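An overview of the molecular structure
What follows is the residue order along each chain.
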Amino acid sequence: KFQKKIEKLNWDNFLNKDKKTVVLIDISSFFFRAHYSAIPSLFLENGTPIRAIYGFTSSLKNFILQLPPVDYIVGILDGGNDWRRKLFPAYKANRKPLDEDLKQQFPLIPIVINALNIESVRELGCEADDVIAAATRAALNQNHQVE
């Protein structure tokens, strides 16, 4: 069922026929890594937490600056893992619940990736890794180079 769902995604929305080199980035991985890094807690004057979004933005920007010249960058956002939990209820069962500081920063992710001129894809119920695999296949099928 999942494979059919992934295959039905319209990759043409972000795989431009004129572009040749595509970089696929697991946005959620950058975001969570930033939140759990050694960066001290940061807050705006109004108390809004920004540690994760600050670290995320810095890391993502540095990553992009270190890339060789590429034609297109696509950020893959995690859409959850509903199908895995249905198949295997213990999947990621030992993970702690997300803390409130982190949850408050999720709405800022699209703002950052848009400001960095990164296209984004999110498929509800599908983890970023699964979407990256499907996007890689789609890009290769359209003769793109995937980094």
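Since the model is a prediction, treat every value here as computed from it, not as a measurement.

To continue, consider the overall build of the protein. Helix and strand counts for the protein stand at 7 helices and 4 strands. Sequence separation of 24 or more characterises 82% of the internal contacts of the protein that already satisfy a separation of 6 or more. Counting every atom, the protein has about 9,300 Å² of accessible surface; 53% of that belongs to carbon and sulfur.

Glancing now at the confidence of the model for the protein. Here the protein averages 81 in pLDDT, and 86% of its residues register 70 or above. Per-element confidence in the protein is highest for helix H3 (residues 51-66), whose mean pLDDT is 91, and lowest for helix H1 (residues 2-8), whose mean pLDDT is 52.

Glancing now at the pairing of strand S1 (residues 21-26). The element S1 is largely enclosed, with a buried count of 6 among its 6 residues. By the alternation rule, side chains of S1 split into Thr 21, Val 23 and Ile 25 and Val 22, Leu 24 and Asp 26, which are all buried. The pairing of S1 with strand S4 (residues 145-146) spans 2 bridges and is parallel. What sits directly across from Val 22, in S4, is Val 146. With 5 bridges joining them, S1 and strand S2 (residues 72-77) adopt parallel strand pairing. Each residue of the ladder has a partner; that of Ile 25, found in S2, is Gly 75.

Take the nonpolar core next. Membership of the largest hydrophobic core comes to 18 residues, with the highest contact counts inside it found for Ile 27, Phe 56 and Leu 60. Taken together, the elements giving at least two residues each to this core come down to S1, helix H2 (27-35), H3, S2 and helix H6 (109-115). Excluding anything up to four places from it in sequence, Leu 60 contacts Ile 25, Ile 27, Phe 30, Ile 113, Leu 116 and Ile 118. Listed in part, the 11 residues of the second largest apolar core include Tyr 72, Val 74, Ile 76 and Val 131.

A few words on H3. For H3, which comprises 16 residues, the first-to-last C-alpha distance of 23 Å matches the rise-based estimate of 22 Å (1.5 Å per residue) to within 8%. Those residues of H3 that sit buried are Arg 51, Ala 52, Ile 53, Gly 55, Phe 56 and Leu 60. Tucked inside the fold, the buried residues of H3 contact S1, H2, helix H5 (100-105) and H6.

All right, on to the layout of surface pockets then. If you roll a probe as big as a water molecule over the atoms, it shows you where there is empty space left. By volume, the largest pocket is sized at about 790 Å³. Lining the largest pocket are 25 residues, and of these Ser 28, Phe 32, Asp 78, Arg 95 and Leu 98 lie nearest its centre. Contributing elements (two or more residues each) for the lining of the largest pocket: H2, helix H4 (82-87), H6 and helix H7 (128-141). Of the residues forming the lining of the largest pocket, the biggest block, 4 residues, is contributed by H2. Partitioned by chemical class, the residues of the lining of the largest pocket number 10 nonpolar, 5 polar and 10 charged.

With that settled, consider the sheet that holds S4. Strand order in the open sheet formed by 4 strands is S3-S2-S1-S4, with parallel pairing between adjacent strands. If you trace the sheet from one side to the other, it starts and ends with strand S3 (119-122) and S4, each paired once. With respect to the sheet, H2 is in contact with S1 and S2, its orientation differing from that of S1 by roughly 45 degrees.

How each quantity is defined
Residues numbered from 1 in each chain as written. Predicted model: local features only at pLDDT ≥ 70, side-chain atom pairs only at ≥ 80, totals over all residues. Heavy atoms only, no water. Helix = DSSP H or I, 4+ residues; strand = E, 2+ residues; numbered from the N terminus. Contact = heavy atoms within 4.5 Å. Areas by Shrake-Rupley, 256 points an atom, 1.4 Å probe, with all protein chains shown as cover. pLDDT = per-residue confidence, 0-100. Buried < 20%, exposed > 50% of the residue type's maximum accessible area, 1.4 Å probe, protein only. Pairing = 2+ DSSP bridges. Core = buried A, V, L, I, M, F, W, Y, C linked by side-chain atoms within 4.5 Å. Expected span 1.5 Å × (residues − 1). 1 Å grid on protein atoms, 1.4 Å probe; cavity = no way out; pocket = protein on both sides within 12 Å on 5 of 7 lines; lining within 4 Å. Points joined across faces, edges and corners; volume = space filled by probe spheres on them. Nonpolar A, V, L, I, M, F, W, Y, C, P; charged D, E, K, R; others polar. Axes fitted to C-alpha atoms, helices over the stretch in contact; angles between N-to-C directions.

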